[in-house]
Amino acid sequence: MSGPQTPEPALGIQGDAPTGARDEDAADGIQHSHRMLSFSDALLSIIATVMILPVTHTEISPEQFDKSIQKLLATRIAVYLMTFLIVTVAWAAHTRLFQVVGKIDDTLALLNLACMMTITFLPFTFSLMVTFPEVPLGILLFCMCVITIGAVQALIVVYAFHFPHLLNPQIESSTHRALYRQHILGIVLRGPALCFVAAGFSLFFYPLSYLLMATVIFLPYVSKVSSWCKGRLVGPQEPPAHSMEFFTFDLHEPLSKERVEAFSDGVYAIVATLLILDICEDNVPDPRDVKEKFHGSLVAALSVYGPHFLAYFGSFATVGLLWFAHHSLFLHIRKATQSMGLLNTLSLAFVGGLPLAYQQTSAFARQPHDELESVRVSCAIIFLASIFQFAIWTTALLHEGETLQPSARFGGREHAFMFAKLALYPCASLLAFASTCFLSRFSTAIFHLMQIAVPFAFLLLRLLVRLGLALLCAMRGLAQPATQAEEDAHAPLLPAAC
C-alpha cells in the first residue's frame with residue numbers, strides 16, 4: 001500500500017482559493033493555472049492523436065498490398081505508438097510539474113506556451129521518421145524537440161523556485177526548497193538527457209536511437225526496478241524527512257485525476273473528429289461523376305459509399321462506447337496512480353488507432369480479397385484499447401482502499417456491474433477475431449454484427465441488471481423480515497440499491 005495522498009490537500013488549496021485571495025493575486029499579476037492547464041491538456045491530446053494520420057493516409061492500391069506494404073504499415077504503427085507514448089510522458093511530466101507550481105504569472109504562461117509550441121512540432125518530425133525511417137534527420141529533429149521541451153520545463157522549475165509564492169503552499173513553506181528544486185530538475189532532465197544520447201547515435205546507428213527513445217517511456221519502471229535491487233543489496237532505507245511523494249518515480253505516486261480525465265476526453269474527442277473528417281474528405285461525390293455516371297441522382301451516387309458510412313457509424317459507436325466505459329470507470333476511481341496512468345496511456349494509444357480501423361473496414365469495397373486481414377487488424381485494435389481499460393480496473397482493485405470508491409470495491413453494489421461493463425468489448429472483439437478463424441468467408445458480416453450488437457448489449461446489460469435487482473428485492477420482501485433485509489443490503493450486488 002502506498003502512503004497517504006500528499007498532493008490532494010495541495011491541489012485543493014490551488015483550486016479552492018478564496019475570492020479575496022484570487023483578487024489579490026490578480027492585482028499582483030498572479031493567476032491560477034486552471035485555464036492554462038486545460039489549454040495544455042487539449043493541445044497535448046490533439047498532438048498525441050493526430051500522429052495516426054500519416055498511418056491512416058498511407059495510399060495502398062489493391063495490387064500494391066504485399067509483404068513490403070505490410071512491413072511499412074507495421075513500421076508506421078510501431079513508430080506511432082512510441083511517439084504517442086513519448087508525448088504522454090511529456091504530458092505526465094507537465095502534470096506533475098504543475099502539482100508543484102500552484103500559480104502562474106505572465107512569464108510562466110509564456111514559458112508554457114514555448115513548451116507547447118515545441119510539442120506541436122513533434123507531428124512533423126514524426127512524419128519525417130515514418131516516411132524516411134532510415135534517414136537520421138527525423139530522429140535528430142525529434143530528439144531536439146524533446147531536449148528543448150525538457151530545457152523549457154527546467155526553466156519553469158528554476159523560475160518558480162526563484163519566486164516561491166508561485167509554488168505549491170506545501171513546498172513554499174518548507175525549509176528544504178533547495179533540495180526539492182534539485183530533485184525536480186533531476187527528474188525533468190532525465191528524459192532529455194537520454195534523447196541527447198539518442199540524437200548522437202542517430203548519426204551512425206539509428207536503431208539504438210529508437211531503443212533509447214523507448215527507454216524514456218519506461219523510466220519510472222526502470223527506476224523502480226533499480227530501487228528494488230538496491231534495497232535487496234543494501235537493505236531498506238528510511239525515506240528522508242523532506243521526501244516529496246508527488247514528484248517521484250514511485251508507481252503509486254498519484255497523478256491529478258482531473259487532468260487524466262481531461263486528457264483522455266481530449267483524445268476521444270479528437271478521434272471522433274478524425275472519423276468525421278475522413279468521411280467528409282473521401283466520401284463526397286464529385287459533381288461531374290454524379291451527372292455523368294448516375295444521371296444526376298445524388299442518392300444513387302451516395303449509395304456507392306454505403307460500406308464507408310456503415311464503417312463510420314460502427315467506428316463512431318465504438319469510440320463513444322469506449323469513452324462511456326472509461327467515464328464509468330473513472331467515476332469510481334478516487335486516485336489515479338502512475339501505473340494506472342501508464343495503462344490509461346496504452347489504452348488511449350490504441351483508441352487513437354481507431355481511425356486506422358475505420359480506414360481498413362471502409363476499404364472492404366475496394367479490396368475485398370484483403371477484408372479478412374482488415375477485420376483482424378480492427379478487432380485487435382478494439383481489443384487492445386478495451387483490455388487496457390480492464391487492466392486499469394484490475395490495478396485499482398489491487399489497492400482498492402485508496403484508489404476506488406466503496407461501492408466499486410469487492411462486495412460493493414457496483415463491482416459486478418463494472419466488471420461486466422469493462423469486459424464487454426474485450427470479449428466481443430476477441431470472439432469476433434476467433435470467429436474469423438473458423439468462418440473467414442463471413443468475416444465482414446461478423447465484424448459489422450459485433451459493431452451493431454455491442455451498443456445493444458450495453459443497453460441489455462443495464463436492463464438485465466435493473467430487472468435482476470427488482471426481482472431480488474421482491475424476493476427479499478417476501479422471504480425475509482425487514483431487519484434481515486437491512487443486513488443483506490450490504491451483500492455484493494449489481495449496481496443499485498433496492
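Residues numbered from 1 in each chain as written. Predicted model: local features only at pLDDT ≥ 70, side-chain atom pairs only at ≥ 80, totals over all residues. Heavy atoms only, no water.

Let's talk about the overall build of the protein chain
Looking only at helices and strands, one finds 24 helices and four strands in the protein chain. A burial count over the protein chain gives 49% of its 498 residues as buried. Counting only contacts in the protein chain whose residues sit at least 6 apart along the sequence, the fraction spanning at least 24 positions is 81%. (Helix = DSSP H or I, 4+ residues; strand = E, 2+ residues; numbered from the N terminus. Buried < 20%, exposed > 50% of the residue type's maximum accessible area, 1.4 Å probe, protein only. Contact = heavy atoms within 4.5 Å.)

A look at the nonpolar core
The biggest cluster of nonpolar side chains holds 110 residues, and the ones touching the most others in it are Leu354 and Trp393. Here this core takes 14 residues from helix H8 (residues 136-162), the largest share from any one element. Apart from residues no more than four positions distant in its own chain, Leu354 is found in contact with Val271, Leu275, Thr318, Val319, Leu322, Ile381 and Ile382. (Core = buried A, V, L, I, M, F, W, Y, C linked by side-chain atoms within 4.5 Å.)

Let's talk about the state of the cysteines
Following the criterion strictly, the structure yields zero disulfides and no others. Cys143 carries a free sulfur, and the closest cysteine sulfur to it, the one in Cys195, is 4.7 Å from it. (Disulfide = S-S within 2.5 Å.)

Remarks on the confidence of the model for the protein chain
Averaged over every residue, the pLDDT of the protein chain is 75; residues scoring 70 or more account for 72%. When mean pLDDT is taken per element in the protein chain, helix H6 (residues 106-120) scores highest with 89 and helix H1 (residues 7-15) scores lowest with 40. In this model residues 489-497 is a low-confidence stretch, pLDDT under 50, and it forms 29 contacts with partners more than four residues away in sequence or in other chains. (pLDDT = per-residue confidence, 0-100.)

Description of the packing of helix H3 (residues 34-50) against H6
The N-to-C vectors of H3 and H6 enclose an angle of 5 degrees; their axes lie 10 Å apart at closest approach. On the basis of their axis angle, the class for H3 and H6 is roughly parallel. Residue-level contacts link Met36, Phe39, Ser40, Leu43, Leu44 and Ile47 of H3 to Ala109, Asn112, Leu113, Met116, Ile119 and Thr120 of H6. (Axes fitted to C-alpha atoms, helices over the stretch in contact; angles between N-to-C directions. Parallel < 35°, antiparallel > 145°, perpendicular 65-115°, else oblique.)

Notes on the packing of aromatic side chains
Counting across every chain of the model gives seven aromatic pairs. Between Phe121 and Phe124, the ring centres sit 5.2 Å apart and the planes meet at 45 degrees, which makes this aromatic pair tilted. Consider the rings of Tyr159 and Phe163, whose centres lie 4.9 Å apart with planes at 50 degrees: the pair is tilted. Geometry around Phe433 places Arg376 over its ring, the cationic atom sitting 5.9 Å from the centre. (Phe/Tyr/Trp six-rings, centres within 6.5 Å; stacked < 30°, edge-to-face > 60°. Lys NZ or Arg CZ within 6 Å of the ring centre and 35° of its normal.)

Observations concerning a nonpolar patch on the surface
Among the surface-exposed residues, Leu310, Ile452, Phe456 and Leu459 lie close enough to one another that they form a single nonpolar patch of about 410 Å² accessible area. The leading source of residues in the nonpolar patch is helix H23 (residues 443-479), at three residues. Residue placement: Phe456 occurs in helix H23. Using a relative accessible area of 56% as the deciding quantity, one classes Phe456 as exposed. (Patch = residues over 30% accessible without salt bridge, like charges linked within 9 Å, V, L, I, M, F, W, Y side chains within 5 Å. Areas by Shrake-Rupley, 256 points an atom, 1.4 Å probe, with all protein chains shown as cover. Salt bridge = Lys/Arg side-chain N within 4 Å of Asp/Glu carboxyl O.)

What to know about the pattern of salt bridges
The final tally for this structure, using the stated rule, is three salt bridges. Linking Asp41 and Arg259 is a salt bridge whose minimum nitrogen-to-oxygen distance equals 2.6 Å. Of this pair, Asp41 sits in helix H3 while Arg259 sits in helix H14 (residues 257-282); the two residues are 218 residues apart in sequence, bridging distant segments of the chain. The burial state of Asp41 is the same as that of Arg259; both residues are buried. Ionic pairing is found between Lys335 and Glu402, a salt bridge with its closest N-O pair at 3.2 Å. Of this pair, Lys335 sits in the loop between helix H17 (306-331) and strand E4 (336-337) while Glu402 sits in helix H21 (residues 400-403), and the two are 67 residues apart along the sequence. This pair shows no difference in class: Lys335 is buried, exactly as Glu402 is.

What about the environment of His332?
Here His332 is to be found in the loop between H17 and E4. Residues His332 and Met418 lie 86 residues apart in sequence; the distance between their C-alpha atoms is 9.3 Å. Once residues lying within four places of it in the same chain are set aside, the contact partners of His332 are Thr403, Leu404, Gln405, Ser407, Ala408, Glu414 and Met418.

Some remarks on the environment of Lys257
Relative to the elements of secondary structure, Lys257 occurs in helix H14. On the accessibility criterion, Lys257 (17% relative accessible area) is buried. Here the alpha-carbon distance between Lys257 and Phe330, two residues 73 residues apart in the chain, equals 8.3 Å. Polar contacts involving the side chain of Lys257 include one to the side chain of Glu261, which spans 2.9 Å. (Polar contact = N/O pair within 3.5 Å; in protein donor to acceptor, adjacent residues only side chain to side chain.)

Quick word on the side chain of Ser339
Mapped onto the secondary structure, Ser339 falls in helix H18 (residues 338-351). On the basis of relative accessible area, Ser339 is assigned to the buried category, the value being 18%. Side-chain polar atoms of Ser339 contact the side chain of Thr337, separated by 3.2 Å.

Thoughts on the side chain of Thr118
In this fold, Thr118 is placed in helix H6. A polar contact is formed between the side chain of Thr118 and the backbone oxygen of Ala114, at a distance of 2.9 Å. Once residues lying within four places of it in the same chain are set aside, the contact partners of Thr118 are Cys145, Thr148 and Ile149.

What about helix H7 (residues 122-131)?
Judged by how many residues are buried, H7 sits mostly within the fold: seven of ten residues are covered. Turning to H7, its buried residues number three or more, namely Leu122, Pro123, Thr125, Phe126, Leu128, Met129 and Val130.

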